[in-house]
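Structural features, examined
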Amino acid sequence: MSEDLLFEVGTEELPAGAVEPAVEQLRALVLSGLDGARLGHGAARTFATPRRLAVLVEAVEQRSPDVTRQALGPPVKAAFGPDGSHTKAAIKFAEAQGVTVQALHRVQTPKGEYLAAEVTEPGRAASALLPGLLGAAVHGIEFRKSMRWGEAEQTFARPVQWLLALHGQEVFPVVFADVKSGRMTLGHRFLSPGPHPVARPRDYPGLLERAHVLAEVGRRKERIRTEAAEAARKAGGRIRDDEALLDEVTELVEWPTALLGSFEERHLELPPEVLVQEMTSHQRYFPVVDAGGKLLPRFVAISNTPVRDPALSLRGYERVLRSRLTDGRFFFDEDRKVPLAARVPALERVVWQGKLGTYAEKVGRIRLLAAGLTRAVGRPELLDIVDRAALLAKADLTTGMVGEFPELQGIMGREYALASGEPPPVAQAIADHYLPRGASDPVPADDPGALVGMADRLDTLAGLFALGKPPTASADPFGLRRACLGVVHLVLGRGYRLSLGEAVGQALDGVGKKLGLGAAQVAEARAQLQEFFRGRLRALWADRARADVVEAVLAAGFDDLRQARTRLDAFAQVVGASDFTPLAIAFKRVANIVEKQGSDVSPEPADPRLFQEPSETALAQAARQASAEVHRALAAENAPAALAAARSLKGPVDAFFDQVLVMTDDRPLRENRVRLLREVAQVFAPLADLSRIQAEAAGAP
Amino acid sequence: MTFQELILALQQHWAAQGCILTQAYDVEVGAGTMAPTTFLRALGPEPWNVAYVQPSRRPADGRFGDNPNRLFQHHQLQVILKPSPKDGQALYLDSLKAIGIDPLDHDLRFVEDDWEAPTLGAWGLGWEVWCDGMEITQFTYFQQCGGFECRPVSAELTYGLERIAMYLQNVENVFDVEWVKGVSYGEVFHRNEVEMSTYAFRASDPAVLFALFEIHEKECVRLLAQGLPLPAYEAALKCSHTFNLLDARGAISVTERAGFIKRVRDNARACAKAYLEVRAALGFPLRKTGWTVGQQPPLLEGAPASRVWDTFLAEQKG
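Every value quoted in this text rests on a predicted model; they were computed, and no experiment measured them.

**Re the interface of chain B and chain A**
Every contact between the two is made by 36 residues of chain B and, on the other side, 37 residues of chain A. Those elements that place two or more of their residues in the side of chain B that touches chain A are strand 4 (108–117), strand 5 (122–131) and strand 6 (134–145) of chain B. Of the residues forming the side of chain B that touches chain A, the biggest block, 5 residues, is contributed by strand 4 of chain B. The residue makeup of the side of chain B that touches chain A, split by class, is 20 nonpolar, 8 polar and 8 charged.

**Points about the pairing of strand 5 of chain B**
Residue and element names in this part refer to chain B. The element strand 5 is extensively covered by neighbouring structure, given that 9 of its 10 residues are classed as buried. The sheet contact formed by strand 4 and strand 5 spans 10 bridges and is antiparallel. Within strand 5, the position partnered with Leu108 by the bridge is Cys131. Between strand 4 and strand 5, which pair antiparallel and follow one another directly, the connecting turn spans 4 residues, one of which, Gly121, has a positive phi of 60°. Note that strand 5 and strand 6 share 9 bridges and pair antiparallel. Bridge pairing links Glu128 to Gln138 in strand 6. What sits between the antiparallel neighbours strand 5 and strand 6 is a turn of 2 residues, in which Asp132 has the positive phi angle 50°.

**A look at the domain arrangement of chain A**
Here chain A is partitioned into domain 1 (2–64 + 125–210), domain 2 (70–121), domain 3 (217–335), domain 4 (340–543) and domain 5 (561–692). Put simply, the middle of domain 3 of chain A and the middle of domain 5 of chain A, counted by C-alpha atoms, are 65 Å apart.

**Some points on helix 6 (residues 206–225) of chain B**
Residues and elements named next belong to chain B. With 20 residues, helix 6 should cover 28 Å at 1.5 Å per step; its first-to-last C-alpha distance of 29 Å lies within 8% of that length. Residues Phe213, His216, Glu217, Cys220, Leu223 and Leu224 constitute the buried set of helix 6. When helix 6 is viewed along its axis, its buried side chains cluster within an angular range of 135° and face the same direction. The outward face of helix 6, more than 90 degrees from its buried face, is lined by the exposed residues Ala207, Val208, Ala211, Lys218 and Ala225. Just past helix 6, the residue Gly227 takes up positive phi, approximately 70°.

**A look at the sheet that holds strand 7 (residues 160–167) of chain A**
Residue and element names in this part refer to chain A. Taken together, the 5 strands give an open sheet; going across it, the order is 2-3-1-7-8, and neighbouring strands pair in antiparallel fashion. With one partner strand each, in any of the chains shown, strand 2 (44–49) and strand 8 (170–171) form the two edges of the open sheet. For strand 2 and strand 3 (residues 52–61), the ladder comprises 6 bridges, and the chain directions are antiparallel. By the bridge assignment, Thr49 is partnered in strand 3 with Arg52. Along the sheet, helix 1 (residues 19–36) makes contact with strand 1 (2–11), strand 2 and strand 3, crossing strand 3 at roughly 25°. Together, strand 1, strand 3, strand 7 and strand 8 form the strand contacts of helix 4 (residues 126–140), whose direction differs from that of strand 7 by roughly 150°.

**So, unusual backbone geometry**
Residue Pro195 of chain A is bonded to the preceding Gly194 of chain A through a cis peptide linkage, with omega at 5°. As for its placement among the helices and strands, Pro195 of chain A is situated in the loop between strand 11 (184–185) and strand 12 (196–197). Following Lys82 of chain B, the chain continues into Pro83 of chain B via a peptide bond in cis, with omega recorded as 0°. Looking at where Pro83 of chain B falls in the secondary structure, it is placed in the loop between strand 3 (73–82) and helix 3 (88–98). In this model, Glu637 of chain A sits at a positive phi of 60°, which is unusual for a non-glycine residue. Residue placement: Glu637 of chain A occurs in the loop between helix 22 (614–635) and helix 23 (639–647). Even without glycine at this site, Phe284 of chain B takes up a positive phi of about 45°. Of note, Phe284 of chain B is situated in the loop between helix 8 (254–281) and helix 9 (308–317).

**Some thoughts on helix 1 of chain A**
Each α-helix turn comprises 3.6 residues. Residues three or four places apart therefore point the same way. Residue and element names in this part refer to chain A. If you check helix 1, its first and last C-alpha atoms are 25 Å apart, about what 18 residues at 1.5 Å a residue would give, namely 26 Å. Along helix 1, the residues classified as buried are Val19, Ala22, Val23, Leu26, Arg27, Leu29, Val30 and Leu34. Down the axis of helix 1, the buried side of the element spans an arc of 170°, and every buried residue falls inside it. Those residues of helix 1 that are exposed and angled more than 90 degrees off the buried face are Asp35 and Gly36. Summarising the contacts, the buried residues of helix 1 are in contact with strand 1, strand 2, strand 3 and helix 4. Following helix 1 by one or two positions, Arg38 adopts a phi angle in the positive range, close to 60°.

Analysis parameters
- Residues numbered from 1 in each chain as written.
- Chains lettered and ligands numbered in written order.
- Predicted model: local features only at pLDDT ≥ 70, side-chain atom pairs only at ≥ 80, totals over all residues.
- Contact = placed C-beta atoms within 7 Å.
- Helix = DSSP H or I, 4+ residues; strand = E, 2+ residues; numbered from the N terminus.
- Nonpolar A, V, L, I, M, F, W, Y, C, P; charged D, E, K, R; others polar.
- Buried ≥ 20, exposed ≤ 12 C-beta atoms within 10 Å, placed from the backbone.
- Pairing = 2+ DSSP bridges.
- Domains from an automatic or database assignment.
- Expected span 1.5 Å × (residues − 1).
- Arc of directions from axis to C-beta.
- Axes fitted to C-alpha atoms, helices over the stretch in contact; angles between N-to-C directions.

Structure representation (structure tokens):
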């Protein structure tokens, strides 16, 4: 016997962004609760709006099944007296388990023979299990920010207003703060407030829809998409793609209705980014674009209420945007009265980070660093553009527009640079230096922005690490993880070959001077930053190769990121091949011997005069040849060829181990053989640390 | 609906729910929250339900009366409901009906807004209430005030009166709002904007203001030592306003700024603590009134949050 289960937590309006994670938690908590109570069940569906989180589970059993388990009692030794009768321990155990001593039986365990009892736990009624289980679920939902209300001590993202708990047609009791469950739900706040009784769980979605609540997130999102598209079509355009905005709006409404509004055409003179920001960030309006992606003076707002007179409501929507755009124009006009370069001194009054000083100081460091990077990547002809862009990169922080819309930093810098007559490449670099903003963003299409952006991020990383403020698991206020990945993406995306270590070193010199750090502190920050980069690369490359391969390649160094990546790809290609494991095992053996014995022998290469077997001579020749080839191939960025050269040592190494006893009692011979193996190990050193690769132990000699 | 009718209708609505109407606090504040009728009364276990119009001065927002939307001084209608009632949102929506905003004619929405006032050691969660995309009210459940947990929680409703009036009267410029028939907001307050902006940006004497800040700060500490949190809090508010004036004048450097904010906050927190001690010494007298507004359903889980103050009370007596 089973019935559907419905559990709805009704709330005051939850924050957009909190709704979906919360309902996902509720679903998981309810299902794990059912499973924990061994109540069989069918599929689960979720419903989530700003005012409700609900889960409907089909066919939840009325009763959990009886379960038989074995309880272990005393060891047989202690269970019987000398006369063969049960001891007190055995009798007590049987009593505790609620069985007779006769019902106990013997079981064999790794610790010996024991007495055991078969205990049957009777199943329990769902009506007894559900209240606790669902109570725990609603108490178990966690939010980024929670609050209390009234006299209650319980917390939730916003006050809980009602609980609906139905199993079949039966209400079961769940309590939260000042709310007790019932069979009532509420509809749309204004159109169908209710309360509405729900007879059976399966009635819920239809009942809500009649009460003007489209409670399924996916359907609501599609309704908004369709309605918005339809409205935009009426204006001869389409909605500008913005999935994040669509998701946000979906969590702001229960019953979406699209309204098409317009703004004055003259505002199209504002940079499109400004218009988009004005419409989306505060107002959550969808901008409308033409077939070519150009903004039209229209927008689509999603209302939560199909109002009686849309024109009246629309007047309000348009009016808010009009005053925002008027403000925006005011800032745009005011900001352009001062040339961008004239704003640079004002950065002396803008703090970047307490001890690391103002933005003016940061800009000074960025300029030095960017110049160094420009030379390092071999583009000295760009020095003037890069330096000008670095000087102006942060100047827009003092403008009214960026004060109002921090998200427009860089973009306004570009606009104001152009308006001030700066060369277009400089203007573009100002905007580009913030790219990539996120993981899915492209890197800049030109070098100046990439170089300034790299300098900016390296300065941030060096500064915070030098201050001893690396990010923690939960807090990364300066976005250091993103900055680190940004540097990696810039280097790889722009195809730069440069020494990461030197770049980091230069950045640390800059902040070290500001902080008055000694050489030891700088060295420590440098080591920490190196590890930080390693950690980010490990995460970034997790989908490129097996974790142990990534580790092995990183262990051989990543100063040249591009080269490191080609090595990784070369290894990822061969690591699955059937002949790779024996190779790895052979070289592990080499590495082990070198690690154990290598420190006792002289650092010189092996001495050919001490070779006794032909396989020694052959291995020495092969190693020297392979070493030269590895270096040549790596310099030519041909990691596969380098790897192939190193792999060619497999035969000579095997022959060597077959014919030669390394650990001979003859000390000069032994030391010479260790020296030879060290040469072999060094062939691989620039490629990867093979000892970190997990090779099957089976088959190892 | 004139500006005056708007105020009267909102006051009438909240009075009918059982709120007392107090008059605006007569010390300069930047927001209704800073008046002791909110900041201090939100502390401790005593019930408190109040509505008042608070002229709010924000020197840096002054625009010499030239900007249609920004003012040196605007007016907030501030409501505190403590403990926050179960039907707080419904009571609020009724107030909108009282001023002619019908939820079937307008898109009314509660949109997440986290509120924090570092200078008061206060924060809360709630919403900005939107009417057709425009923010008309802030609705906040206070969680902490003066560094103390709010038990019980107060609901704070702050109506931006000028903005609502502009909307209701469909005017684009705040100075065109009709205060009463035939008299505009501009005729009442434009000159005030011109002079106050001139004062804040040009005519104020930073040396005098710095001196005043020091005087008020010392006065706050001195009065606290005498067990007088109410006058001490006035002094703390004067520090806060003086800081805002100095800030608008550009007289406070970046490096000094955080220090000044901390000095204001330290005093506000000390006032909050002293206020609680005085109320405890009086035995939290308003508790006996059983004064509530809106629905207050009994708790089904745990003890009422305000119980924690019994411990505080015992400690004060001990």
